[in-house]
Amino acid sequence: MDACRECVEARTALAEEFRRLWPLFVALGDENRQRVFLALLEADQVGLRAEEIAKRTNLSRPAVSRHLRTLRAAGAVELYRDGTRTYYYPNAAASCWAELRKLSGHICAVTENATAEGYPNTEEEL
C-alpha cells in the first residue's frame, strides 16, 4: 500500500509542476505561435521585427503581435529595441526552459517507477 501512496504523491507533485508550466504549454500549444517561434529560431540574426515574422509565417501583423505577446508572457520570447524598431528573439535565459527540462526528467522518473511497481494494474482482484 505504501508504494501506491508514494505513486499517488509523485503524480500529484508532477501535476503541480505541470500547472506551473501551463502558460508555456498554452503558448507553445498553438500552431500559429509555433510558426512564430520557429521563425525566430530559424532567423539568421538575433531578433526579427513583427513585420518580418508576418512575412515568414504568412500571418497578419496584428496576429503576429498577439502571438508574440502570449509568447512573451510565457517567457519564451523576449524583445529589444533599437530606436523605434522592436526586435523579438527566443529567450535563451528564461527559467521556463530549465523548468521544462526538470518536468521532463520528473515525468520519466515517475513513469519508470510506476512501471516498476506494476502501474497500471488492470487485473481485477477477486
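Bear in mind that the values here come from a model prediction, so they are computed numbers and not experimental data. (Residues numbered from 1 in each chain as written. Predicted model: local features only at pLDDT ≥ 70, side-chain atom pairs only at ≥ 80, totals over all residues. Heavy atoms only, no water.)

Caption draft 1: Focus on the pattern of salt bridges. Going through the model one piece at a time under the given rule, you end up with 4 salt bridges. Through salt bridges that share partners, Arg-49, Glu-51 and Arg-61 make up one connected network. (Salt bridge = Lys/Arg side-chain N within 4 Å of Asp/Glu carboxyl O.)

Caption draft 2: Just a nonpolar patch on the surface, in detail. Nonpolar side chains collect at one region of the surface, where Phe-18, Trp-22, Phe-25 and Val-26 lie side by side and expose about 360 Å² of accessible area between them. The leading source of residues in the nonpolar patch is helix H2 (residues 22-29), at 3 residues. Mapped onto the elements, Val-26 comes out in helix H2. Given a relative accessible area of 39%, Val-26 falls into the partly exposed group. (Patch = residues over 30% accessible without salt bridge, like charges linked within 9 Å, V, L, I, M, F, W, Y side chains within 5 Å. Areas by Shrake-Rupley, 256 points an atom, 1.4 Å probe, with all protein chains shown as cover. Helix = DSSP H or I, 4+ residues; strand = E, 2+ residues; numbered from the N terminus. Buried < 20%, exposed > 50% of the residue type's maximum accessible area, 1.4 Å probe, protein only.)

Caption draft 3: Spatial organisation of the packing of aromatic side chains. In the structure shown here, the tally under the stated rule is 5 aromatic pairs. Ring geometry for Tyr-80 against Tyr-87: centres 5.1 Å apart, planes inclined by 15 degrees, an arrangement best described as stacked. (Phe/Tyr/Trp six-rings, centres within 6.5 Å; stacked < 30°, edge-to-face > 60°.)

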